[in-house]
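This is what each chain is made of:
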Amino acid sequence: MNQPHPQAGRAGPQQSAMHRTLQHAAWLAALGLLPAMAAGQSPQPGDLAGPKVTSKANAAATSLLKRDFTGRVVMPERPPEEIALEALGLDGPGASPADRESLTRAGDVLTKRARILDEFVVGNVPLLTKLGNAAGGNDPLDKLALASQAYSALAPLREGGTLQEQVKHALTPEAGKRFDVMLATFWQAYTAERVKSPKPDGKLPSKFEVLAGARLESLGREIERSFMRVQTSGELIYRLATEGMRLRDDQSAALRRIAAEFAAAQVKGAEAEVGRSMFMNALSTLDEEQRPTFIRNLRRL
């Protein structure tokens, strides 16, 4: 179980490869453009327009409008939709029961999204690695083919519309309007500066290009956060170590527990101290005919 911890600088070449994968994975967000590209379509101006922005909305969106040292609005570490939802204050002192119920529903949307991303990561490590390698190459057809595979694998993420649409649907009508206006305020400020900055070819980017790049960056960060979750929880180690194996429920539970303990030891930098005993515990959990597959899987980690 020599699986590298994502934050550990002492790991070997495999960690470097996985980090390259995560760094390049941001471009996966562009997968949302594939249907329009395949159909030869371009977004219409109306598709990019948001609700009318008011001064009240500007004040409410302050938590989203963070700027870098040059004064430009930056993408937040988490999806803008998450931060806008928190800024609504639906669990504050003046919140109504309907507000609190809608916040719970919206929270369920975010939880479901996190689960989908986690499942995508643990079930598509080879694809993510290929995507990372392709992102550093110059073959557009290779990138498009891999992007198509990932787009299909991420289909559950798009059920019910965009993240903004799914969260808004969970909110009360009044909260939904404030949510939309808050995000419109953010996106208008974000794009207003960038459409004036020339691209390397000297041309100015369209609003659509700016928004696509921002979505790319945001989804890439979500994927990385997902990787961190499944890595530190031990789920990624468990899934890779038991690939191709049929396990009884008691074996699955025991191996998941061992993987979680090993992941926790990695966080503390103590995996070398506990690795052998956990390996022996894992082997003792398995039947004799299962052990060769388990060992082969571990050697690939």
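Residues numbered from 1 in each chain as written. Predicted model: local features only at pLDDT ≥ 70, side-chain atom pairs only at ≥ 80, totals over all residues. Heavy atoms only, no water.

### Notes on the overall build of the chain
Summing up its helical and strand segments, the chain has 16 helices and 0 strands in all. Taken across its 301 residues, the chain has 42% of its residues classed as buried. Sequence separation of 24 or more characterises 70% of the internal contacts of the chain that already satisfy a separation of 6 or more. A total accessible area of about 16,300 Å² is found for the chain, and carbon and sulfur atoms account for 54% of it. (Helix = DSSP H or I, 4+ residues; strand = E, 2+ residues; numbered from the N terminus. Buried < 20%, exposed > 50% of the residue type's maximum accessible area, 1.4 Å probe, protein only. Contact = heavy atoms within 4.5 Å. Areas by Shrake-Rupley, 256 points an atom, 1.4 Å probe, with all protein chains shown as cover.)

### Let's talk about the nonpolar core
In a soluble, globular protein the nonpolar side chains are often hidden away together inside. Judged by nonpolar contacts, the single largest core of 36 residues is most densely connected at Val-121, Leu-236 and Phe-294. Only α6 (97-123), α7 (125-135), α8 (140-153), α12 (207-233), α13 (235-241), α14 (249-267), α15 (271-285) and α16 (291-300) provide two or more residues apiece to this core. Membership of the second largest hydrophobic core comes to 26 residues, among which are Leu-110, Leu-163, Val-167 and Tyr-190. (Core = buried A, V, L, I, M, F, W, Y, C linked by side-chain atoms within 4.5 Å.)

### Remarks on α6
Its 27 residues give α6 an end-to-end C-alpha distance of 39 Å, which sits within 8% of 39 Å, the value for a rise of 1.5 Å per residue. Restricting attention to buried positions, one finds in α6 the residues Asp-99, Ser-102, Ala-106, Val-109, Leu-110, Arg-113, Ile-116, Leu-117, Asp-118, Phe-120, Val-121 and Val-122. (Expected span 1.5 Å × (residues − 1).)

### Let's talk about the packing of aromatic side chains
Inspection of the entire model under this criterion finds 3 aromatic pairs. Measuring from ring centre to ring centre gives 4.9 Å for Phe-186 and Trp-187, while their planes differ by 65 degrees; the resulting arrangement is edge-to-face. Of the two residues, Phe-186 and Trp-187, both sit in the buried class. When the centroid spacing of 5.8 Å and the interplanar angle of 80 degrees are considered together, the rings of Trp-187 and Tyr-190 count as edge-to-face. Of this pair, Trp-187 and Tyr-190 are both found in helix α11 (residues 173-194), 3 residues apart, which corresponds to roughly one turn of the helix. Here Trp-187 matches Tyr-190 in class, with each residue buried. Taken together through their ring pairs, the aromatic side chains of Phe-186, Trp-187 and Tyr-190 make up a single cluster. Positioned above the aromatic ring of Tyr-151 is the side chain of Arg-158, whose terminal nitrogen or guanidinium carbon lies 3.6 Å from the ring centre. Across the ring face of Tyr-190, the terminal group of Arg-194 is positioned such that the distance to the ring centre comes to 3.7 Å. (Phe/Tyr/Trp six-rings, centres within 6.5 Å; stacked < 30°, edge-to-face > 60°. Lys NZ or Arg CZ within 6 Å of the ring centre and 35° of its normal.)

### Points about the confidence of the model for the chain
The pLDDT averaged across the chain works out to 79; a share of 78% of its residues lies at or above 70. The secondary-structure element of the chain with the lowest mean pLDDT is helix α2 (residues 34-38), recorded at 36, while helix α10 (residues 163-170) shows the highest, at 96. Predicted confidence is poor over residues 1-59, with pLDDT under 50, and the contacts of this stretch with residues over four places away or in other chains come to 103 contacts. (pLDDT = per-residue confidence, 0-100.)

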